[in-house]
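One letter stands for each residue in the lines below.
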Amino acid sequence: MFFKFGIKNKTVKELRKNQGYTTRELAARIKVDNIDILKIDNLKLKEVKEPLYSKILPILNGDDVDKIPWL
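Scope of this entry: the structure provided in the associated data block. (Residues numbered from 1 in each chain as written. Predicted model: local features only at pLDDT ≥ 70, side-chain atom pairs only at ≥ 80, totals over all residues. Heavy atoms only, no water.)

### Here's the deal with unusual backbone geometry
The phi dihedral of Lys31 falls on the positive side, at around 60 degrees, and the residue is not glycine. You can see Lys31 is positioned in the loop between helix 2 (23-30) and helix 3 (34-40). (Helix = DSSP H or I, 4+ residues; strand = E, 2+ residues; numbered from the N terminus.)

Pasting the structure below:
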């Protein structure tokens, strides 16, 4: 997490594609509707409002992958 300086300046769509998620998969991971992800897809990560920002940040960082026991 220390070396992820420019992550807030990238768009949600770019970060989502880098992690390999579709909008439906990402919406299912954070338990929101697909339309909510489509609304913020073209925004930069720093422009996303707080309740959604705190849910989406660990997934787009890849921090949730570290908790999988078989990796």
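Right, picking up where we left off after that structure.
### A word on the nonpolar core
Note that soluble globular proteins tend to have their nonpolar side chains buried in a common cluster. Residues Val12, Leu26, Leu45, Ile56 and Leu60 are the most contacted members of the largest nonpolar core, which totals 17 residues. Elements that contribute at least two residues to this core include exactly helix 1 (12-19), helix 2, helix 3 and helix 4 (50-61). In terms of residue count, helix 4 provides more of this core than any other element does, six residues in total. Not counting chain neighbours up to four residues away, the residues in contact with Leu45 comprise Ile7, Lys8, Lys10, Val12, Leu15, Tyr53, Ile56, Leu57 and Leu60. (Core = buried A, V, L, I, M, F, W, Y, C linked by side-chain atoms within 4.5 Å. Buried < 20%, exposed > 50% of the residue type's maximum accessible area, 1.4 Å probe, protein only. Contact = heavy atoms within 4.5 Å.)

### Brief notes about the side chain of Thr23
Examined against the element boundaries, Thr23 turns out to sit in helix 2. Among the polar contacts made by the side chain of Thr23, one reaches the side chain of Asn34 at a distance of 3.0 Å. The residues contacting Thr23, other than those within four sequence positions of it, are Arg16, Asn34, Ile37, Leu38 and Asp41. (Polar contact = N/O pair within 3.5 Å; in protein donor to acceptor, adjacent residues only side chain to side chain.)

### Regarding helix 4
A rise of 1.5 Å per residue sets the reference length of helix 4, with its 12 residues, at 16 Å; its end C-alpha atoms lie 16 Å apart and thus fit the reference within 8%. Buried residues in helix 4 make contact with helix 1, helix 2 and helix 3. Count one or two residues on from helix 4 and you reach Gly62, which has phi positive near 95 degrees. (Expected span 1.5 Å × (residues − 1).)

### Focus on helix 2
Taken together, the buried positions of helix 2 are occupied by Thr23, Leu26, Ala27 and Ile30. End-on, the buried residues of helix 2 take up no more than an arc of 100 degrees, which puts them together on one face. Seen from the open side of helix 2, the exposed residues pointing more than 90 degrees away from its buried face are Arg24 and Ala28. Contact partners of the buried residues in helix 2: helix 1, helix 3 and helix 4. Directly beyond the C-terminal end of helix 2, a positive phi value near 60 degrees is found at Lys31. (Arc of directions from axis to C-beta.)

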